[in-house]
Structure formats: structure tokens, C-alpha cells
Amino acid sequence: MNKSELQQIIIHQLEQTRLVTLSAAQRAIDAATDEETVPEHKYDTLALEASYLAHGQAMRLKECEEDIRVYRELVLREDLEQVQLTAFVKVVNEDDNEKQFFIGPRAGGLVVTWQGREVSVLTPQAP
């Protein structure tokens, strides 16, 4: 099993998320600083709300960049006997339905397609 291919797919998906987040952050910054959003009275909060959104998007962007950095530096371990970081786990229920999971350090909940199967990233922090 070539988990490095899966790692590259995860990084690519994280980079796509980063681009979307960067675009959203820029739009929020533009909205917060636009002349059209200058408050006309004390109850006009459009610019303030846009600045909160811009701040949130900037925080999300930093999180995306950290996710990418961590996955690029991740050392994959092959042939693991236990479920631990970088393990690929296949779960089969009583109806023979399969689900595949990659135990990753971050980006829990991310779903990618690898070798024609959906693989969900699961982190040790998951409840």
C-alpha cells in the first residue's frame, strides 16, 4: 500500500481549501474596508461585521497553512500492527459495508478519494 500517494491527495485537498479560504478572507477584508460600508449611524454595523468575518477567515487561513505544513512533514509508517498515527484502517460492518480511514495528525473529517474509495481522515483527538 502506497500511503504517500494518499498523503499527496490530502495535501492537494488542503491546498484547495486554503485557496478558497484565502479568497473568502480577501472578500471579507474588501467588504470591511469598502467606502460603501462606512457606518452612517451608530446602528450601522456592516463594516464591523465584515471585520469580524475577515478576522475569522484569517484565523482559518492560518489553520489551513498549519494543516498543510504538518502533512508535508508527516513521516508515514508502513505495516502498523496497531491503530496509530498514519495507520490506514478499513472497517466492515455486519452488512459488509466498508469504510476506510486514515489516522492523521490534523484535518479530521476531511474526505478524499484514493484508489477509487472514499477515505476519511480521523484524528486522535476525535471523540
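The rules behind the values
- Residues numbered from 1 in each chain as written.
- Predicted model: local features only at pLDDT ≥ 70, side-chain atom pairs only at ≥ 80, totals over all residues.
- Heavy atoms only, no water.
- Pairing = 2+ DSSP bridges.
- Helix = DSSP H or I, 4+ residues; strand = E, 2+ residues; numbered from the N terminus.
- Core = buried A, V, L, I, M, F, W, Y, C linked by side-chain atoms within 4.5 Å.
- Buried < 20%, exposed > 50% of the residue type's maximum accessible area, 1.4 Å probe, protein only.
- Contact = heavy atoms within 4.5 Å.

Caption draft 1: Layout of the pairing of strand 2 (residues 98–103). Where strand 1 (residues 88–92) lies against strand 2, 5 bridges are found, and the strand directions are antiparallel. Looking at strand 2, one finds that V89 is bridged to F101. Taken together, strand 1 and the strand that follows it, strand 2, pair antiparallel across an intervening segment of 5 residues, in which D96 is found at a positive phi of about 65 degrees. Of the pairings in the sheet, the one linking strand 2 to strand 4 (residues 117–122) comprises 4 bridges and is parallel in character. Pairing of F101 across the sheet is with S120, part of strand 4.

Caption draft 2: Focus on the nonpolar core. In this structure, L6, I10, L14, Y71, F102, L110 and V119 are the most contacted members of the largest nonpolar core, which totals 15 residues. At the level of secondary structure, the elements contributing two or more residues to this core comprise helix 1 (3–33), helix 2 (46–73), strand 3 (111–114) and strand 4. For this core, the element with the most residues is helix 1, which contributes 4 residues. Leaving out residues up to four positions away in the same chain, L110 has contacts with I10, Q13, L14, V119, S120 and V121.

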